[in-house]
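Each chain is listed here by its residues.
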Amino acid sequence: MYSMTVSPGPSRETKKTGGRSTSATVVGLLGLLGTGCLGPNPLLDAGEDNSETATTGDGDAADTETGDGDTEPGDGDTETGDGDADGDCSNRVLDEGEADVDCGGNCEPCTDGSSCVEASDCESEVCTHNICQAPSCKDGVHNGTERASDCGGPCVMCEHSEFQPELDDFEGSSAVRPQVAMFADMSFAVTYGGPMQARARWFDEFGDPSGPDVEISDDVSFSPGEPIHFAAGAGDERPIHALVPGVDGASVSTDLFLIQREPDTELVKHLVNPPGNIVDEGDLSLDGSRATITWTEDSQVLVRRFDYDVGDGAWIDINPFSAETDPDNYKGSYPVMSLTVDGVVVVAWVRCAAMNGYPCTVAVRRFDTDWIDPAPIIVTETEEAYIYPQVALAEDGRAAVVWSRLDIGSAQVRARLLDADFALDGDQWTLQVDLPFASYADVAALSDGSFAFAWCDPPQSRIHLRRFVGPDMPKLPELGDESPWPNVSNPGAVSLSSVENRLAVVWSATVDMVTQVQGQVLSF
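All residue numbers here refer to positions counted from 1 along the written sequence of the relevant chain. Side-chain atom pairs in this predicted model are given and counted only at pLDDT of 80 or more, local residue features only at pLDDT of at least 70, and totals for whole chains, interfaces and linings cover all residues. Only hydrogens and water are removed before side-chain values are computed, so all heavy atoms of the structure are retained for them.

Draft legend 1. Broad picture of a negative patch on the surface. There is a patch of like negative charges on the surface, built from Asp-185, Asp-236, Glu-237 and Asp-264. We count a stretch as a helix when DSSP gives it H or I for four or more residues in a row; a strand needs E for two or more, and each element gets its number in order from the N terminus. Within the element layout of this structure, Asp-264 appears in the loop between strand 13 (255-261) and strand 14 (266-271). Its relative accessible area of 71% is what places Asp-264 among the exposed residues. A patch is a set of surface residues, each over 30% in relative accessible area and not in a salt bridge, joined within 9 Å for like charges and within 5 Å for the nonpolar side chains Val, Leu, Ile, Met, Phe, Trp and Tyr. For accessible areas, the Shrake-Rupley method is used with a probe of radius 1.4 Å. Any residue's cover is judged against the shown protein chains and nothing else. Criterion for a salt bridge: a side-chain nitrogen of Lys or Arg within 4 Å of a carboxyl oxygen of Asp or Glu. Counting rule applied: Lys, Arg positive; Asp, Glu negative; His and chain ends not counted. For charged residues, the charge sits on one atom: NZ in Lys, CZ in Arg, CG in Asp, CD in Glu. For every residue, the accessible area obtained with a 1.4 Å probe (protein chains only) is divided by the maximum for its type, and the residue is called buried under 20%, exposed over 50%, and partly exposed between those limits.

So this is what it looks like as structure tokens:
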């Protein structure tokens, strides 16, 4: 077989000669010199006068005439061996109508760097100076691995839902310290505190409320203070499992209650701490029917597990486990936790000298049926005053921790990573400096392998949001921030939750002198 490839030119018109491609004309002449040996020529253009498909009797599958061996192998479109008209986009020849060899025009789009005439010739749908361009985050086209035009994948996050200026429905009263958790179907719930009330509200994945907010417990008088941590349960009714500090009819001091409820019904309530011990802060994770709870009692961080499927719900640990290995010299506060798919949790807390409560560090430790790590792992590099730690645990075992450093007029938000073996990964780094007071921050492990960090910045009226793939290594280094919210008045707290490729972000802000809960669902 003879062939000739014509190099691509600047436009389709320059690749044509008298209505036929130069390649086809040359090959056709060569084919006439040896028809007895070569048989039907696969390089002839279909549909031209004197071409193979212009008359009957050439072996095309559509022919009804006989005379050339339609049913014999080697020359028909339904057989292999000669390529006929169906081979135009795979014959390694620049044919008429193609933008580059075997692509563009009527063929499949061309890869990056190929010649093109118009955008549709390119896989990226971007043709500049007759060359197919690689997808970019600024080309105004939905291409590559983007979820929408210039967002998602390698670009900034997409705004999956609209911005929600008021997720709470307190009228005339402030809603503070919001927390968010997403369900498996990517809907979500939000908890927040109000005047002596712990409230919750449910939303679909686009931020539309499923109904009005509800008081989490009818018979627990809420003690305002720290955020109301909770976990999203399983099932069509979307139950939540919340830790609510307060008092009920049997309390002699502030207690911590584990409360399971659905949007319309409070299901169960269990006391976490022994009666008479003041407890007002804690966190939990949920793995099927088993809740693992951490709280502070007598200045020590404790962990205990509760299983809803044991009887009517029961503690499966006789006594709680203390996170501290040296309780005589150290006390703990602000415990938080995160869970992996294999049931391992990591607890983070502020660990301070017992005598004066200063200096402090931020510590982490993993727990399964018992403590995995022999002692607390210190993630801070210096002993100072710290507050508000948060931790996220990825499915591969990596962890991210974020916290605030206290310093009047010069507070900072810092972060650090741990690898899959739970060893410190690189140095800590600073997300922001020169804050007038300690900032609430949060972190979430994302399905793209990165960690999303968010924190409040009252001086700039911002909620900041950035993804990191390594120690001080932003996923999008050319961007200082992925936050699509340019003006958040007096932000007071922020919370993150992620399922699959969605990230729910909620925070508190001041509107008309009243604190409201705002938020948005992003995708990546």
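Draft legend 2. Main features of the sheet that holds strand 9 (residues 214-215). Strands sit in the order 6-7-8-9 across an open sheet of four strands; the sheet is antiparallel. At either end of the open sheet lies a strand with only one pairing partner, and these are strand 6 (176-182) and strand 9. By this definition, two strands are paired if DSSP reports at least two bridges between them.

Draft legend 3. How the structure looks around the state of the cysteines. Sulfur atoms of two cysteines make up a disulfide when they are within 2.5 Å. Counted under the stated rule, the structure contains seven disulfides. Each disulfide pairs two cysteine sulfurs, and for Cys-122 the partner residue is Cys-132, the sulfurs being separated by 2.1 Å. Measuring the twist about the S-S bond at about -80°, one finds the Cys-122-Cys-132 disulfide to be left-handed. One end of the pair, Cys-122, is in the loop between helix 2 (35-38) and strand 3 (127-128); the other, Cys-132, is in strand 4 (residues 131-132), with 10 residues separating them in the sequence. Disulfide pairing places Cys-137 opposite Cys-155 at an S-S distance of 2.1 Å. Judged by the torsion about the S-S bond (-90°), the Cys-137/Cys-155 disulfide is left-handed. Placement of the pair is Cys-137 in the loop between strand 4 and strand 5 (158-159) and Cys-155 in the loop between strand 4 and strand 5, with a sequence separation of 18 residues. Owing to a relative accessible area of 32%, Cys-137 belongs among the partly exposed residues under this scheme.

Draft legend 4. Broad picture of the pairing of strand 16 (residues 290-297). Of all eight residues in strand 16, seven are buried; the element is thus mostly enclosed. As defined by bridge partners, strand 15 (residues 282-287) adjoins strand 16 across six bridges and the pair is classed as antiparallel. Following the sheet pairing, Leu-286 is matched in strand 16 by Ala-291. Direction of pairing for strand 16 relative to strand 17 (residues 300-307): antiparallel, over a ladder of eight bridges. Each bridged residue has a counterpart across the sheet, and for Ala-291 the counterpart in strand 17 is Phe-306. Here strand 16 folds back onto strand 17 in antiparallel fashion, the turn holding two residues, of which Asp-298 has a positive phi close to 55°.

Draft legend 5. Up close: the environment of Ser-299. You can see Ser-299 is positioned in the loop between strand 16 and strand 17. Taking C-alpha positions, Ser-299 is 9.9 Å from Cys-352, a pair spaced 53 residues apart along the chain. The contacts of Ser-299, once residues within four sequence positions are left out, are Lys-331 and Gly-332. Contacts: residue pairs with any heavy atoms within 4.5 Å of one another.

Draft legend 6. Layout of the nonpolar core. Put simply, buried Ala, Val, Leu, Ile, Met, Phe, Trp, Tyr and Cys residues joined by side-chain atoms within 4.5 Å make one nonpolar core. Ranked by size, the top nonpolar core spans 23 residues in total, and within it Leu-465, Trp-485, Leu-503, Val-505 and Trp-507 carry the most contacts. For this core, the secondary-structure elements that each account for two or more residues are strand 24 (386-393), strand 29 (451-457), strand 30 (462-470), strand 32 (494-499) and strand 33 (502-511). The element that contributes the greatest number of residues to this core is strand 33, accounting for four residues. With 18 residues, the next largest nonpolar core counts Val-350, Val-379, Leu-418 and Phe-422 among its residues.

Draft legend 7. Representation of the sheet that holds strand 31 (residues 473-474) within the structure. Strand order in the open sheet formed by four strands is 28-29-30-31, and the pairing between neighbours is antiparallel. With partners counted over all chains shown, the strands left at the sheet margins are strand 28 (441-445) and strand 31, one partner each. Sheet topology note: the strand 29/strand 30 ladder contains seven bridges and is antiparallel. When the sheet's bridge partners are listed, Cys-456 is paired in strand 30 with Ile-463.

Draft legend 8. Broad picture of the packing of aromatic side chains. In this analysis, rings of Phe, Tyr and Trp, with Trp reduced to its six-membered ring, are considered paired at centre separations within 6.5 Å, and the interplanar angle assigns stacked below 30 degrees, edge-to-face beyond 60, and tilted for intermediate values. Under the counting rule described, the total for this entry stands at 14 aromatic pairs. Consider the rings of Phe-163 and Trp-507, whose centres lie 6.2 Å apart with planes at 15°: the pair is stacked. Linking Phe-163 in the loop between strand 5 and strand 6 with Trp-507 in strand 33, this pair joins segments that are 344 residues apart in sequence. Trp-507 sits in the buried class, given a relative accessible area of 0%. On the basis of an interplanar angle of 45° and a centroid distance of 5.1 Å, the ring pair of Trp-429 and Phe-468 is categorised as tilted. A residue pair is termed long-range when its members are at least 10 positions apart, and Trp-429 in strand 27 (residues 424-435) and Phe-468 in strand 30 qualify at 39 residues. Exposure remark for Trp-429: the relative accessible area of 5% places this residue in the buried category. With a relative accessible area of 3%, Phe-468 lands in the buried category. Through pairs of rings, three or more aromatic residues link up here, namely Phe-163, Trp-485 and Trp-507. For Arg-238, the ring lying beneath its charged end belongs to Phe-183, and the centroid distance is 5.7 Å. Looking at Arg-351, its charged tip hangs above the ring of Tyr-330, at a distance of 3.7 Å from the centre. Two thresholds decide whether a charge sits over a ring: the Lys NZ or Arg CZ must be within 6 Å of the ring centre and within 35 degrees of the ring normal.

Draft legend 9. Fine view of the side chain of Ser-285. Here Ser-285 lies in strand 15. Ignoring sequence-local partners within four residues, the contact set of Ser-285 consists of Arg-290, Ala-291, Thr-292, Met-337, Leu-339 and Val-345.

Draft legend 10. Spatial organisation of the pairing of strand 13. Judged by how many residues are buried, strand 13 sits mostly within the fold: seven of seven residues are covered. Every second residue of strand 13 is oriented toward a common face, with Asp-255, Phe-257, Ile-259 and Arg-261 on one face and Leu-256, Leu-258 and Gln-260 on the other, all of them buried. In this structure, strand 12 (residues 240-247) lies alongside strand 13, joined through seven bridges in antiparallel fashion. In the strand pairing of strand 13, Leu-243 is matched with Leu-258. Relative to strand 14, strand 13 runs antiparallel, the two being bridged by five bridges. Opposite Phe-257, over in strand 14, you have Leu-271 as the bridge partner. Taken together, strand 13 and the strand that follows it, strand 14, pair antiparallel across an intervening segment of four residues.

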